[in-house]
Each structure stands twice: as structure tokens, then as C-alpha cells.
Amino acid sequence: MERVKNIVLLFCLVLSVVAATAQDRGGIGDNSRFMVRGSVIESDTRNPIPNVNIEVNGGVYTYTNSFGEFRIEVRIGDELTISHTDFQTIYYTIQSNERIEVQVEPNNDNREYIRSKKKMKKETSFKSLVDSAEAYLKIDAQKSIQFITDALKVSSSVKENSEIYEVLGDINMHWKQYDLAVYNYRISLQSVTSNETNLKLAKAYMLNKNYQESLQIYKAINKKELSNWHLVSLYEGLGNVYFLIKDFDASIHAYKKGLEIAKEHGIKPKTTDLNSKLAEVYNAKGEPEKARDYFNQSLKLANTVNKKRAVEEKLKVADFENDINEFSSEISLRKEALNEINEIEKDSVFNNESALTPQKQNYKIGNAYALQGNYDKAIPYLEKSIEEAHDKADLIVKKDATRKLSEVYKSAGDYDKALTKYQEYVDLVDQVYIKREQEISQAERIRRDLTAKQNRILSLESGRALSESKYQLSIEQSKRQTLIIYSLIGGLLLLLLTAFLMYKYIRQQRLANNLLALKSLRSQMNPHFIFNALNSVNSFIASNDERTANKYLSDFSLLMRAVLENSDEDFIPLGKEIELLKLYTQLEHFRFQDKFDYTINVDEHVNIDDFVIPPMLLQPYIENAVWHGLRYKKEMGYLAISITQTKDDEITISITDDGIGRRKSKALKTKHQQRQNSKGMGNIKKRVAILNTMYKDKVNVFVSDLQDADDTGTKVTVTLKRD
């Protein structure tokens, strides 16, 4: 970015401020410190400008990140110095809790200026919603979270989501929901890593009493990446945690490290704070002389910052004097502080929780006089404290001052007044109890509301599929994730293709095996059939019936040719199978014409062209009926073959004989005949089973006896389904 000769810089500070007064900002107008956000961009391309130096006249320093953004802790009236090698240094005075946008754009007038602009209507942009949430952070938690919810709806990047959860954590911190603050800071850090957010997370852990977790966060932060201000804040945070776990030596070491850096870089506010905290640690450690030295330093430094900070430090020293029973010094410091508080109150308003209230200081002055035994001087200050506490509805101070005043009257011997004040004290205790119950109820309601809104934000995030963006730290990670996903999809498709090919191969192999099995079974049946037929021819020749043998052999050759032609087929037309049955039955009847008569009946409603049947499926059953049933019958037997249609897609073929039956036939057989018959019928069952597997239950065979007496006869029912 070269903008020195031909490009003149125009710096526009666009201030996003919600419709809230300075008083609504919860102390921003009373010289308290707050975090201001800003960015430096090119106005024509909107590209961020990194590494711009941002410094406050009090010594706080930071610089813009890769997004051109910065955050810095300031007070009202502080002067920002914005500098970079490509443009002249710019100075801007902080006037409110505003978001600062510095736009760098070309201008032919060869001049630069700063312009601030308040938004006159409500905007739905992300920045204005976040600014509004920060503005209401201390005064209306529900409204602040509502702005955060709206900001989440319009956020469009991982960075913006990170900022949302950081502000949400700030809200939780202010309203003392430290567990939720920890949760939200962690989500913010999952999206974008920030040392400032890490410092906030460590503090939230500390306030939630997760001291070891807090120490781990503080120690894990890369100190080389921190600005001087944040480095001092880190050592201060470490000292705070060590102080709370009563590791006073470690606390002193951390505070001194921070103090050394603050002195080196002229960070006066932190120098004051760390001297004061070192004094507190030494006092807790039982070394009051060292504590006094550091308190003297902090008191001197506080006077160079501002009046409010000077008064705060003076009151800390007064508390220290009270701890070591130096009541005269305490009284002197509190009287000085009281005069200064009265001056500060003209420009600022302190709530009752603040230490800077006249009623509290009058009470503590009266208490110090009472501890000295100077009751005459204690009484006016306690009465003054009660009066001021009543005017400001400060029940706590009023209760404590009334109790103390009762004790003073009792010590002074004025028992009537002591009793009166004690009765007033009892009434105040009841009022405080009622107020505390109301406050607890209200705090619980606020907590429930905030938790409900927190859950609403989480459900909204889930609905907008932001779970992925919380863990997406960079564009490169997104590319890697996409690559992994595509690789998994490719692998899954390859796996499915492999599974499909394997399934197809197995199916084909199974089909081939079934076909081979069918062919094998058919090849086993044909020799059996030929053997029986040749036996018949042989019997005719043996009886010198040459003419009959020739006739039988001629018909047999026709049958044999048809059988061999169909031997490679799984199914043949039903009409062809009927012709084969007629020819075969005729041959058997020709041989055993004195044993049985037969009929073959095809129902006229059967459309034989619609059905197919496995070849030689019925022949073994007819052979069984003749050879094992009818030929052993003493009188003339009968064989009936009928084909009927029971359903539109199904026909029934029945083979009925009135022979001797299966039980008697089995008894007459030799062992060799039984084995041969069992093998033949077993082959038929295997053929049917394989065909049904291949063609989905196309053929069904059922064999039954006709009656229980002798010459029971046998009925074979074959059900055949159409394709």
C-alpha cells in the first residue's frame, strides 16, 4: 500500500452509538475505564490495514490485527494516537463508548480530517447490534442479550460469531454468571484465537473459583504476542489468583513483574493498581511496614491519575490503617476523602454499592471514633450517616450505623437512646431481610431469564448450522475438511461399488452353481429313465415278441429324442411337457396294459401356452405310480392325470393312482430298490428346491395317501405359478 505522494488520506471515524445517554452507559461518563473497538480500512476497496499503531496518552498500546481491527482500554477524554508509515499521525479524543472506523481513501484536496457521525435511525447491521449490546451491558442484561441474538442472525463469518460470544461472555461477567461467561469465552476462542479473550477466560475461571484452570490459561498465553498493557494485565491476573489461594510469595512475584513492566512503559493506571495490590498482599502476609511503603507509593501515583482513582486509593489506605488500629490516621484520610467525594458527586452519581458514598465514609469515621472511645465525636458522624443513608435508600449502611449508634449510646451510659436506636436497628434488620429476599428473588429471575436467552442463542446457532463455524479456525481448515469429506464420499462410493460387484459376482456364481447342480441332477435322471425303458425292450425281446419290441422301441426313440432335446433347458412350454407325458404314459401302459388304465385330462379353461414347467418334472412321479403302485396291484388299477387352473396365475397338476400305496410298496422293495427310489425322489426334491430359489417359489410339490386301508393309492399335487 503506497499512499505518500499521489494519494491523500481521508480518515472517517464512524461512531456506532445506540439511543442511550451517557448516564445509561453505566459509569462511562465518570472516568471509569472501558474497552473501545475500532478498525482501519481502505475506503475504496474496504480492505483492512494491519499493523497500524494505536496508542493512548496514558501509555496503553496496541495495533490492528490482520482484519484491520483493534481494541484498547480507554477513559472518556483520552487521546488516541493512530500512526502508520504510509500516512501522517492522526489524533482523536475519546468522547463516548463508540466503535471507531478509520477509512483511508484518496482525496485530491491534499488534506486529512477526522469526522464522527452518530447514526440517527436503528440499523440492523452486525456492528451496530454488537455496539448496542455493549451499551446496554451494564444497565439491561435482557435487552443486551436480545441485541446479541439479533446480531447472531445477521452474522456471516466465524470471526463475527467469535465476537458475539465474547460480548455474551462480557454480559455474563458483569451479571456475575461466571460459569456461563467461561462457556461463552471458550466458544469464542474455538472460532478465533485471541489473547484478550484468553485473559477474560482466565479471569472468569478465577471468579468462578476454578483457580487451577485460571492459572493454566494465564501460563499458556504466549507473552511475546501481548502488548505491554495486556502483559501487565496477565501478571496482575496471576497475582490475583495466587492471592486468593493464599500463595502470597507467588502473588508478590507476579505483581512485581507486572509493576516492573508498567513502570518501564509508563502505564500509570497499572502502576498505581499494582502498588496497591502489593500493599494488600504484604498486609495479608503480616508485614505491615512493607504494606505501608507500597500504599504510600500507590497514594502518590493515584493523585496523578484522576480524582476518583485518588479517592479510591485513599480509602484503601484508610482500611489498612483501620486493620493496624491506627484510627487517627484512618479518620484523617476518610475526612479528606469525604470532602473530595462531595466534589466528585457534582459530576458523577455513585450507586449504593460503591465505596465512594458519603454515608459509608461517615459511618466508618464514626466507627473509628467509637473504637477510640471518643463517643461525643462518633455520634454526629453516625447520625449523619443514618440521615444520608435514609435519603439514598441505603438500608445496609443505615442498619449498620444505627446498630453502631446504639452501641455508642450504651457505652456512653445513655441507655434510653441506646434502647431506642436498638429498636430502630431491629426494624431495619427486618426491612433488610425483606429487601434481601426481594433481591434474591429478582436475581434468580434475572438469572433464569438470562439462562433462557442463552439457550435461545444456542438453539438459534444450532438451527443456522453454526456448529461447524465454531470449530472452523481458517479457510485452509475448511478446505481440508472438504477434502476429507470428498475423500470419505469417494471411499464410500468405491466401497459400495466393490460391494455391488462382489454381490453381482456371488449371485452369478450362485446361479452358475445352481445351473450346474440342475444339469447334474438332470443327467442323473436321464440314465435312470433310459435304463427302465431299455429293460422293457429287453423283456419284449426275451419273450420273442419282436413286433411289439420294434413298436415300443420306435415310440421310445421319439420320447428319448424329445427328452434329450430338452435336457439343457430349465423350463419348457407346458404343452410340450404334456406331449412327453402322453408318450411316456402310453409306453408304460403298453408294457403293463393288464395292470392299469389311465386318462390324461387337461381342463378346457387352462391356457397351456401361458405356463412353462421344468422338463421331466412329472415323469418320475408317473413312473413311481406305475412301477411301485399299480404293477403290484392284483386287479386292474387306474392312473389319472389332470391339469386344472385354480387361479389366474396358477395351475394344479395332479397324478393319482389307486395302487398299493407307499407303505406297502416300500415293504415289497429290496434294499437296492429302496436305495434307488430314494435317490430318484431326492433328486426331484433338490431340483424343485433349486428352481424355487432361482425363480422365487415357482413350483410346489405335495405327495399324500388317498386312504388309510390297504391299496391306499397315492396322489401327487404339483402347483405351478406363471411368470
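Residues numbered from 1 in each chain as written. Predicted model: local features only at pLDDT ≥ 70, side-chain atom pairs only at ≥ 80, totals over all residues. Heavy atoms only, no water.

Here the focus is the side chain of Ser155. Structurally, Ser155 is set in the loop between α2 (141-154) and α3 (158-174). Given the relative accessible area of 7%, Ser155 is considered buried. A polar contact is formed between the side chain of Ser155 and the side chain of Asn161, at a distance of 2.8 Å. (Helix = DSSP H or I, 4+ residues; strand = E, 2+ residues; numbered from the N terminus. Buried < 20%, exposed > 50% of the residue type's maximum accessible area, 1.4 Å probe, protein only. Polar contact = N/O pair within 3.5 Å; in protein donor to acceptor, adjacent residues only side chain to side chain.)

Those residues of helix α6 (residues 211-220) that sit buried are Ser214, Leu215, Ile217 and Tyr218. Viewed along the axis of α6, the buried residues span an arc of 160 degrees, placing them on a single side of the element. Summarising the geometry of α6, the exposed residues directed more than 90 degrees from the buried face are Gln216, Lys219 and Ala220. On its buried face, α6 sits against α5 (195-207) and α7 (228-244). (Arc of directions from axis to C-beta. Contact = heavy atoms within 4.5 Å.)

On to the sheet that holds strand β14 (residues 650-657), then. Strand order in the open sheet made by the five strands is β11-β13-β14-β16-β15, with mixed pairing throughout. Two strands lie at the open edges of the sheet, namely β11 (596-602) and β15 (699-705), each paired on one side alone. Across this sheet, the average inter-strand angle for adjacent strands is 15 degrees, counted without regard to direction. Relative to strand β16 (residues 714-721), β15 runs antiparallel, the two being bridged by seven bridges. If you follow Asn700 over to β16, its bridge partner there is Thr719. Each of β11, β13 (637-647) and β14 is contacted by helix α20 (residues 574-591), which is oriented at about 170 degrees to β11, the strand it contacts most. Seen against the sheet, helix α21 (residues 619-630) touches β11, β13, β14, β15 and β16 and runs at an angle of roughly 150 degrees to β13. (Pairing = 2+ DSSP bridges. Axes fitted to C-alpha atoms, helices over the stretch in contact; angles between N-to-C directions.)

Across all of its chains, the model carries 31 salt bridges by this definition. The partner of Arg334 in a salt bridge is Asp319, and the shortest N-O contact between them spans 2.5 Å. Pair noted here: Arg334 is in helix α12 (residues 327-344) and Asp319 is in helix α11 (residues 307-323), with a separation of 15 residues, a long-range link. Classification of Arg334 as buried rests on a relative accessible area of 2%. With relative accessibility at 33%, the residue Asp319 sits in the partly exposed group. Glu407 is the salt-bridge partner of Lys404, the closest N and O atoms lying 3.6 Å from each other. On the criterion of helical spacing, the pair formed by Lys404 and Glu407 is a turn pair, its members being three residues apart in helix α15 (residues 395-412). (Salt bridge = Lys/Arg side-chain N within 4 Å of Asp/Glu carboxyl O.)

Now for the packing of helix α1 (residues 126-135) against α2. At their nearest, the axes of α1 and α2 sit 8 Å apart, and the two run at 160 degrees to each other. In terms of orientation, α1 and α2 fall into the roughly antiparallel class. Relative to α2, the crossing made by α1 is left-handed. From α1, Phe126, Leu129, Val130, Ser132 and Ala133 reach across to α2, where they touch Ser144, Phe147, Ile148, Asp150, Ala151 and Val154. For the contact of α1 with α2, a count of residues per class yields eight nonpolar, two polar and one charged. (Parallel < 35°, antiparallel > 145°, perpendicular 65-115°, else oblique. Left-handed = near helix turned anticlockwise from the far one by under 90°. Nonpolar A, V, L, I, M, F, W, Y, C, P; charged D, E, K, R; others polar.)

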